[in-house]
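The primary structure of each chain is shown beneath.
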Protein chains: 2
Amino acid sequence: MTSNTMSDQTDARIVTLSIDAMGGDQGPAAVIGGLALSAEKNPDIRYIVNGPQDELERLIAKHKVLRGICEIRDAGGVVSMEDKPSQVMRHGKGTSMFSAIDAVRAGDASVCVSCGNTGALMALSMVRLRKLPGINRPAIAVLWPSRNPGGFNVMLDVGADVRADEQDLLQYAMMGASYARNGMGLERPRIGLLNVGTEEHKGRAELKAAHDLISLAAEDANYEFVGFVEGGDIPSDRVDVIVTDGFTGNIALKTGEGTASLISSLLREAFEYSPLSRLAALLALTSLKRLKKRIDPRRVNGGVFLGLNGTVVKSHGAADAMGFSAAVKLAFQLAQSGFSDKLAARVASAATLQQDAATTSDNKSG
Amino acid sequence: MTSNTMSDQTDARIVTLSIDAMGGDQGPAAVIGGLALSAEKNPDIRYIVNGPQDELERLIAKHKVLRGICEIRDAGGVVSMEDKPSQVMRHGKGTSMFSAIDAVRAGDASVCVSCGNTGALMALSMVRLRKLPGINRPAIAVLWPSRNPGGFNVMLDVGADVRADEQDLLQYAMMGASYARNGMGLERPRIGLLNVGTEEHKGRAELKAAHDLISLAAEDANYEFVGFVEGGDIPSDRVDVIVTDGFTGNIALKTGEGTASLISSLLREAFEYSPLSRLAALLALTSLKRLKKRIDPRRVNGGVFLGLNGTVVKSHGAADAMGFSAAVKLAFQLAQSGFSDKLAARVASAATLQQDAATTSDNKSG
């Protein structure tokens, strides 16, 4: 980091985030706009911005608030939405995404934010940051609008991996609890395991096994296990963290988004139906805005990659400046709480506990 | 059937449905109320009503429109929501559910309607009606509000079985196409296979295999295969029938319902926020009712069990008279179109085709 572009490095409250400026549907202007929005609200934030130097300098210069808090790291290559993860893994060096992740790897930033290609971002993150010791499959966690006081629940995995066995699901429970504690301030989060019924005899074999493992670990990992939950419980206040495999989680996430989007457009149609309904809509505008704010996907923008040496926040590919700013805010919160280190410690202690348990039961059976 | 209670038996338009009057959350009065609502709109409908004779006689007598079009079959036992399917399978004889299914088995009615325990209804239907030759796993299909002109898409399986291999998924595609043709009047339905991405290399192994099978069968079975679809496509106009396994389908269905219910209550809260917003709600009432009508689950009430010798329509357990009437309407449409026979013929011809294909490839390899 060069001292003439970054200041206040020694202040403990200061948090530096690494930003992939390229690869989003709306281009780097939306990303830089989002950085400016966050900086206006938050004097403790600093950025390492990765992408083509000239273009970024020009965009950053447009926002006074970004003066002196950005370090640009030049990277000319861009990962597109169409690029295959396997190719990016092999030939991704020199891209803004690679550079953004490497700033976390080098310890210059604790969290990386990107709105690029999800598969490529996960693949590069796995290769460059490596999995935490004891983690088999990393997961992507998202926030989901809910009836809980905080307004959101956490669900994971929503698509890092289409498979998950009972050990993976246990690790998701651990990581989800740690995320809810550090990202949402919940002291003792309630964990639910997604299934097709709440009775213990229902569902697939690996879910029954995971039910037992997650239940056993609850005390040590300081979460409450509420057992099986159903799709209808995802937005409920019965639970804070919903654990599932990446296939099911991805389908649920997109089904929820699709349903919300259908209702929004039907609501719009209903209010455009006649002159009277258009008048009603005008009067209802404040109320409708209040609703929209509550479920606006831009406000909950940011999937978090868990289980790596470092945290990566994936912003929606179509995010505008406001959406990207929400992802930056989430990244800041996680960085400031020391989430990456706490998660690593939690996973390490869980692995030790499991080894101890295995040793004990070996001794017993021996 | 006794001639003094039922009339017009010889008219070809007349359709007789078998009704399980018991086991719903709202009791038999809601069921009988639903029968009356349907009879008011439809002079061609007749009912075999299964349940406790005295209670049913009293309830039916309250509705003039039901006079002379109901035959009561006395059955004192009731399957409750808490009963385990395995127990009902062994000891279900004498219940209204058993009696309702047996009227289809005997050929006295072509479709059965029940709002009782889903698991028990499927178990009893499997035992009494038996699977169609060539069907490995029956499926439950539901209608889903969508952007299509008809207002709905079909999704199956939503929970008959938590597993499905590629052959099962192919059969779901066949059955779903037949349902869309006969229940929704779509000549050449578009079929999509639910996955976590639309690229052909994505997802689980059995999905790639199913992709090939469903694609190969499209021409003969007279449907269009649009390939993989995602959760967000379930309410879209890209597709008419969404094929998936019962675990994923059940999670998607309940997630969609949960999301819609959350948005409805947030919308209500938004309009109750202040005196001005309450006034706006008053003016917007017609528009909001228009929206509600479009996504009201009572209007799309009815999961259909496919793949048995006879059709069973499962109404929602909490259905009121209007909801039950929607299930009755769906059952009537399917019965009148001769759906059960057409589906059986379709499955039989598919099985023959597959055998032919297998024989041909055997010959080739031999």
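Structure's up top.
Residues numbered from 1 in each chain as written. Chains lettered and ligands numbered in written order. Predicted model: local features only at pLDDT ≥ 70, side-chain atom pairs only at ≥ 80, totals over all residues. Heavy atoms only, no water.

**Student:** How do you make sense of the pattern of salt bridges when you look at a structure like this?
**Tutor:** Pairs may arise between side chains of opposite charge once their charged atoms sit close together. Going through the model one piece at a time under the given rule, you end up with 20 salt bridges over all chains. Across the pair Glu230 of chain B and Lys254 of chain A runs a salt bridge whose closest N-O atoms are separated by 2.4 Å. Note that Glu230 of chain B is positioned in the loop between strand S8 (224–229) and strand S9 (241–243) and Lys254 of chain A in helix H8 (residues 246–271), a pairing that runs across two chains. On the basis of relative accessible area, Glu230 of chain B is assigned to the buried category, the value being 18%. (Salt bridge = Lys/Arg side-chain N within 4 Å of Asp/Glu carboxyl O. Helix = DSSP H or I, 4+ residues; strand = E, 2+ residues; numbered from the N terminus. Buried < 20%, exposed > 50% of the residue type's maximum accessible area, 1.4 Å probe, protein only.)

**Student:** Just to check I follow, could you spell out unusual backbone geometry for this structure?
**Tutor:** For residues other than glycine, phi is negative in most cases, and the peptide bonds are mostly trans. Residue and element names in this part refer to chain A. Of the consecutive residues Leu156 and Asp157, the connecting peptide bond is found in the cis state with omega at -5°. Relative to the helices and strands, Asp157 resides in the loop between strand S6 (152–156) and helix H6 (166–184). The phi torsion at Asn222 lies on the positive side, around 60°, for a residue other than glycine. Positionally, Asn222 belongs in the loop between helix H7 (205–221) and strand S8 (224–229). For Asn222, a relative accessible area of 26% puts it in the partly exposed group.

**Student:** Explain a positive patch on the surface to me, please; I cannot follow it from the model alone.
**Tutor:** On the surface, Arg147 of chain A together with Arg268, Lys289 and Lys292 of chain B cluster together to form a positively charged patch. Tracing the backbone through its elements, the reader meets Lys289 of chain B in helix H10 (residues 285–295). (Patch = residues over 30% accessible without salt bridge, like charges linked within 9 Å, V, L, I, M, F, W, Y side chains within 5 Å. Areas by Shrake-Rupley, 256 points an atom, 1.4 Å probe, with all protein chains shown as cover. Lys, Arg positive; Asp, Glu negative; His and termini not counted. Charge placed at Lys NZ, Arg CZ, Asp CG, Glu CD.)

**Student:** Would you explain the environment of Gly246 of chain B in this entry?
**Tutor:** Looking at the element boundaries, Gly246 of chain B is found in helix H8 (residues 246–271). Of the residues examined, Gly246 of chain B reaches a relative accessible area of 1% and is grouped as buried.

**Student:** Please explain the sheet that holds strand S2 (residues 45–51) of chain B as it appears in this structure.
**Tutor:** Note on sheets: strands pair through backbone hydrogen bonds, and any given pair is parallel or antiparallel. All names here are of chain B. One open sheet holds the 11 strands; their spatial order is S3-S2-S1-S4-S11-S10-S5-S6-S9-S7-S8, and the pairing between them is mixed. The sheet terminates laterally at strand S3 (70–74) and S8, the two strands that pair on one side only. Going from strand to strand, the sheet's axes swing by 25° on average, the running direction of each strand aside. Sheet strands touched by helix H1 (residues 27–41): strand S1 (15–20) and S2. Its angle to S2, the strand with the most contacts, is close to 175°. The sheet contacts of helix H11 (residues 321–336) involve S1, S2, strand S4 (111–114), strand S10 (303–306) and strand S11 (311–314), and relative to S1 the element is tilted by about 140°. (Pairing = 2+ DSSP bridges. Axes fitted to C-alpha atoms, helices over the stretch in contact; angles between N-to-C directions. Contact = heavy atoms within 4.5 Å.)

**Student:** Whenever I open this one, a nonpolar patch on the surface confuses me. Can you help?
**Tutor:** There is a patch of nonpolar side chains on the surface, built from Leu276, Leu279, Leu282 and Leu283 of chain A together with Leu276, Leu279, Leu282 and Leu283 of chain B and spanning about 750 Å² of accessible area. Taken together, the elements giving at least two residues each to the nonpolar patch come down to helix H9 (275–283) of chain A together with helix H9 (275–283) of chain B. Relative to the elements of secondary structure, Leu283 of chain B occurs in helix H9. By relative accessible area, which is 32% here, Leu283 of chain B ends up partly exposed.

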